[in-house]
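The residues making up each chain are set out below.
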Amino acid sequence: MKRIFLLLAVVAMTALQSCEGDQGPPGQDGANVESEVFELQNVSFQLNQNEYMIRRDLNPAILDADNILIYRMTGTIDAQTPIWQLIPRTLFLDEGELDYDFDFSAIDFTIYAGGTYNLATTPQFINNQTFRIVIVPGYFSRGGNAVNFEDYNAVIKAYGIDDSNVKILN
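Residues numbered from 1 in each chain as written. Predicted model: local features only at pLDDT ≥ 70, side-chain atom pairs only at ≥ 80, totals over all residues. Heavy atoms only, no water.

Before going further, it helps to spend a moment on the overall build of the protein. When you go through the protein residue by residue, the secondary structure sums to two helices and ten strands. Listed by position from the N terminus, the elements making up the protein come as α-β-β-β-β-β-β-β-β-β-α-β. Within the protein, the proportion of its 170 residues that are buried is 33%. For the protein, restricting intrachain contacts to residue pairs at least 6 apart in sequence, the fraction spanning at least 24 positions comes to 64%. Surface exposure of the protein reaches about 11,400 Å², of which carbon and sulfur atoms provide 51%. (Helix = DSSP H or I, 4+ residues; strand = E, 2+ residues; numbered from the N terminus. Buried < 20%, exposed > 50% of the residue type's maximum accessible area, 1.4 Å probe, protein only. Contact = heavy atoms within 4.5 Å. Areas by Shrake-Rupley, 256 points an atom, 1.4 Å probe, with all protein chains shown as cover.)

Spelled out as structure tokens, the structure:
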């Protein structure tokens, strides 16, 4: 009996290996955005209804599964080595707390600055800021090793992003 069952199992496995299922649904039309890095250089937050913000369009639009990371340049080690800090971030200053945050959609992103005090009293934190915007395609989120998103260089390395020719946004 065991031999008959084993023989049937081998025959069934051989027969099922060559089967094909129905064709799957068509893929999504549109742009195929890969990992990219954009930079906003020396931009100032604009006060809009009691909220400081910087808004930019994404062209081309990103896909629904894609993600965005935004880093603020907090200083430099030397002329070729900027220091990047992931936002959202809260800074604890003598004046109070200053928060940087952002949101995004498939077609745009907005960076916010807010705080527990009048931000106009610390223009060095809202004027002439530089940000790096990293687009991470959704397929990178499937499996793999965890990435330390706090570390800009670790993100660039983990996702194989070429940031030697960063696109400057106006």
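There is more to say after this.
Glancing now at the confidence of the model for the protein. Reading predicted coordinates in detail is not appropriate for stretches of low pLDDT. For the protein, the mean per-residue pLDDT works out to 82, and 75% of the residues sit at or above 70. Across the protein, the secondary-structure element scoring lowest on mean pLDDT is helix H1 (residues 2–17), at 57, and the one scoring highest is strand E7 (residues 96–104), at 97. Taken together, the stretch residues 27–33 has pLDDT below 50 and engages in ten contacts with residues farther than four places along the chain or on a different chain. (pLDDT = per-residue confidence, 0-100.)

Looking now at the packing of aromatic side chains. In total, this model carries five aromatic pairs according to the counting rule given. Between Phe45 and Tyr100, the aromatic rings sit 6.0 Å apart at their centres with planes inclined by 35 degrees, giving tilted as the arrangement. Here Phe45 is found in the loop between strand E1 (36–43) and strand E2 (46–47), whereas its partner Tyr100 is found in strand E7, with 55 residues between them in sequence. Each member of the pair Phe45 and Tyr100 is classed as buried. Between Tyr71 and Tyr152, the aromatic rings sit 5.2 Å apart at their centres with planes inclined by 80 degrees, giving edge-to-face as the arrangement. A residue pair is termed long-range when its members are at least 10 positions apart, and Tyr71 in strand E4 (residues 67–78) and Tyr152 in helix H2 (residues 152–158) qualify at 81 residues. What makes Tyr71 buried here is its relative accessible area of 0%. In this structure an aromatic cluster arises from ring pairing among Phe45, Tyr100 and Phe131. (Phe/Tyr/Trp six-rings, centres within 6.5 Å; stacked < 30°, edge-to-face > 60°.)

Attention shifts here to the sheet that holds strand E5 (residues 81–87). With mixed pairing, five strands are arranged side by side in an open sheet as E5-E4-E9-E1-E10. Across the chains shown, the open sheet's two edge strands, defined by having one partner strand only, are E5 and strand E10 (167–169). This sheet shows a mean twist of 35 degrees between the axes of neighbouring strands, independent of strand direction. In terms of strand pairing, E4 meets strand E9 (residues 129–136) through six bridges, oriented antiparallel. What sits directly across from Asn67, in E9, is Val136. (Pairing = 2+ DSSP bridges. Axes fitted to C-alpha atoms, helices over the stretch in contact; angles between N-to-C directions.)

Turning next to the side chain of Glu36. Residue position: Glu36 is located in strand E1. Judged by relative accessible area, which is 15%, Glu36 ranks as buried. Not counting the four nearest positions on each side in its chain, Glu36 is found in contact with Ile133, Val134, Ile135 and Lys167.

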